[in-house]
Amino acid sequence: DGGITQSPKYLFRKEGQNVTLSCEQNLNHDAMYWYRQDPGQGLRLIYYSQIVNDFQKGDIAEGYSVSREKKESFPLTVTSAQKNPTAFYLCASSILLVGTDTQYFGPGTRLTVL
Amino acid sequence: QKEVEQNSGPLSVPEGAIASLNCTYSDRGSQSFFWYRQYSGKSPELIMFIYSNGDKEDGRFTAQLNKASQYVSLLIRDSQPSDSATYLCAVKRRNYGGSQGNLIFGKGTKLSVKP
């Protein structure tokens, strides 16, 4: 099956810990994205990557880090510097071609800080 | 002014009625517009995208775009209880750091279809 997978589905973190969220896609999409969603809020862009070994900050990158060593994978690390990390984290991917640049989402990871 | 604005709702319609969801955006140069549906606790799923002024129909869904007035709407005909969800409007940014494909999302409109 083609698609985007995220793991784990639920993640609990103690204050001061770094945690890494996994995102994998087998759609052969060029671009991958990480969003954060808080209750009653829209999605906010954390980081995005259009090509392997390259990525750019989104609107709320502070306290987060990413890597893009393979086209299929775009893991997100939530560091202890992120002051309010409890949220629903969504990974998305898209082809980079005008007219077909629709983003498709994975199932999400719900992170809770204890 | 927020970049993408939606009425948070809830919008309540009876089963079988037409649901009308609206979205306004601030960047007049925006080119691509998307509607996503998000069920509670789930990730967004694409319903439709629209690039040109006018209407675009797909089954019970019709997207309408008016670039002069900077609004995009989604009509759902013959609404069903299974359509009850939050509908997110997304607009593709123009010239965001020279890259493509970055979307700005509204906060969503919660739709409730009553049997």
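Residues numbered from 1 in each chain as written. Chains lettered and ligands numbered in written order. Predicted model: local features only at pLDDT ≥ 70, side-chain atom pairs only at ≥ 80, totals over all residues. Heavy atoms only, no water.

Engineer: An account of the sheet that holds strand S8 (residues 71-76) of chain B is requested, with residue identities and associated values reported.
Structural biologist: Residues and elements named next belong to chain B. One open sheet accounts for five strands, arranged S1-S3-S8-S7-S6; its pairing is antiparallel. Each having just a single partner strand, strand S1 (4-6) and strand S6 (54-58) make up the two edges of the open sheet. The average undirected angle you get between the axes of adjacent strands in this sheet is 20°. As defined by bridge partners, strand S3 (residues 19-25) adjoins S8 across six bridges and the pair is classed as antiparallel. From the neighbouring strand, Asn 22 faces S8, where its bridge partner is Ser 73. (Pairing = 2+ DSSP bridges. Helix = DSSP H or I, 4+ residues; strand = E, 2+ residues; numbered from the N terminus. Axes fitted to C-alpha atoms, helices over the stretch in contact; angles between N-to-C directions.)

Engineer: I'd like a description of the state of the cysteines, backed by residues and values.
Structural biologist: All names here are of chain A. The tally for this structure, following the rule as stated, stands at two disulfides over all chains. There is a disulfide in this structure between Cys 23 and Cys 91, and the S-S distance comes to 1.9 Å. As the torsion about the S-S bond is roughly -75°, the Cys 23-Cys 91 disulfide counts as left-handed. Placement of Cys 23 in strand S3 (residues 19-25) and of Cys 91 in strand S9 (residues 87-94) is noted, with a sequence separation of 68 residues between them. Across the pair, Cys 91 and Cys 23 agree in class, each one buried. (Disulfide = S-S within 2.5 Å. Buried < 20%, exposed > 50% of the residue type's maximum accessible area, 1.4 Å probe, protein only.)

Engineer: Just give me the short version of the interface of chain B and chain A, but keep the residues and values in it.
Structural biologist: Interfaces are frequently sized by the accessible area removed from exposure as the parts join. Each partner contributes residues to the interface: chain B has 24 residues there, and chain A has 27 residues. Interface area, chain B with chain A, both sides summed: about 1,900 Å², of which 46% is carbon and sulfur. Summed over the shared surface of chain B and chain A, the result is zero salt bridges. In this structure, the connection of chain B to chain A is made through four residue pairs in polar contact (both at pLDDT 80 or more). (Contact = heavy atoms within 4.5 Å. Buried area = accessible area lost by both parts, 1.4 Å probe. Salt bridge = Lys/Arg side-chain N within 4 Å of Asp/Glu carboxyl O. Polar contact = N/O pair within 3.5 Å; in protein donor to acceptor, adjacent residues only side chain to side chain.)

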